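Working through the structure, step by step
Letter by letter, the chains look like this.
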Amino acid sequence: QVQVVESGGGLVQAGGSLRLSCAVSGRTFIDYAMGWFRQAPGKEREFVAAISRNGGSTRYADAVKGRFPIARSSAKNTVYLQMNSLKPEDTAVYYCAASLALTTKLSEYSYWGQGTQVTVSS
């Protein structure tokens, strides 16, 4: 089985930066594409960013494109979401997930972390 654990959430001022980390264990990390999703209170979970198995391709939601680069470290079995120029509307629980191929579809992710809260104050 694959275990996915997010960390790095917290409270940050608008305009600030925060880096989320997602540690993956239980299987070979390179076998999985990875994605980040977020869910605000009362809202549907939405796609944020994804990265292919080898890190060569990425996908971003329009709302975060240019602000939230995604990257991965094979040496650390970890995927990162660098959140820059944060806005109050970025406030949400952020989830990391693993899939067999690069995708933006929530339903195609097989393994999910428990989520980490990101709160952006104005």
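It should be noted that the structure appears before, not after, this text.
This structure is a prediction, so every number in the text was calculated from the model and none was measured.

**Quick notes on the overall build of the chain**
Secondary structure summary: the chain contains 0 helices and 11 strands in total. Going residue by residue from the N terminus, the α and β elements of the chain occur as β-β-β-β-β-β-β-β-β-β-β. By the compact-globule yardstick of 14 Å for 122 residues, the chain fits well, its C-alpha radius of gyration being 13 Å. Projected onto its principal axes, the C-alpha positions of the chain cover 40 × 30 × 25 Å. When the accessible surface of the chain is totalled, it reaches about 6,100 Å², and 47% of it is carbon and sulfur. With 13 positive and 8 negative side-chain charges, the chain shows a spacing of 5 Å between the two charge centroids.

**Some details on the pattern of salt bridges**
Taken as a whole, this structure holds 5 salt bridges when the rule is applied. Residues R38 and D90 are paired through a salt bridge, measuring 2.9 Å at the closest nitrogen-oxygen approach. One end of the pair, R38, is in strand β4 (residues 33-39); the other, D90, is in the loop between β8 (78-83) and β9 (92-99), with 52 residues separating them in the sequence. Three or more residues joined by partner-sharing salt bridges are found here, namely R38, E46, R67 and D90.

**Some details on the pairing of strand β3 (residues 18-25)**
In this sheet, β3 lies alongside strand β1 (residues 3-7) in antiparallel orientation, the contact comprising 5 bridges. When the sheet's bridge partners are listed, V5 is paired in β3 with A23. Here β3 pairs with β8 via 6 bridges, running antiparallel. The residue bridging R19 from the neighbouring strand is Q82, located in β8.

**Considering unusual backbone geometry**
Of note in this structure, N77 is not a glycine but carries a positive phi near 50°. Among the structural elements, N77 can be located in the loop between β7 (70-73) and β8. Its relative accessible area of 28% is what places N77 among the partly exposed residues. Positive phi is not limited to glycine here, since S85 has a value of about 50°. By the element assignment, S85 lies in the loop between β8 and β9.

**Things to note about the pairing of β4**
Within β4, 6 of the 7 residues are buried, leaving the element largely enclosed by the surrounding structure. Across 7 bridges, the pairing between β4 and β9 is antiparallel. Across the sheet, the residue bridging to M34 is A98, located in β9. Judged from the 5 bridges that link them, β4 and strand β5 (residues 46-51) form a sheet pairing that is antiparallel. Residue pairing in the sheet places F37 in a bridge with F47 of β5.

**Quick word on the side chain of R72**
Mapping R72 onto the fold places it in strand β7. It is D31 that comes nearest to the buried, bridge-free R72 among opposite-charge side chains, at 8.6 Å. Among the polar contacts listed, one links the side chain of R72 to the backbone oxygen of Y32, at a separation of 2.9 Å. With sequence-adjacent residues up to four places away left out, R72 is seen in contact with F29, I30, Y32, A33, M34, I51, S52, R53, G55, T78 and V79.

Conventions we followed
Residues numbered from 1 in each chain as written. Predicted model: local features only at pLDDT ≥ 70, side-chain atom pairs only at ≥ 80, totals over all residues. Heavy atoms only, no water. Helix = DSSP H or I, 4+ residues; strand = E, 2+ residues; numbered from the N terminus. Rg over C-alpha atoms; globule rule 2.2 N^0.38 Å. Areas by Shrake-Rupley, 256 points an atom, 1.4 Å probe, with all protein chains shown as cover. Lys, Arg positive; Asp, Glu negative; His and termini not counted. Charge placed at Lys NZ, Arg CZ, Asp CG, Glu CD. Salt bridge = Lys/Arg side-chain N within 4 Å of Asp/Glu carboxyl O. Pairing = 2+ DSSP bridges. Buried < 20%, exposed > 50% of the residue type's maximum accessible area, 1.4 Å probe, protein only. Polar contact = N/O pair within 3.5 Å; in protein donor to acceptor, adjacent residues only side chain to side chain. Contact = heavy atoms within 4.5 Å.

On their own, these measurements won't tell you what the molecule is for.
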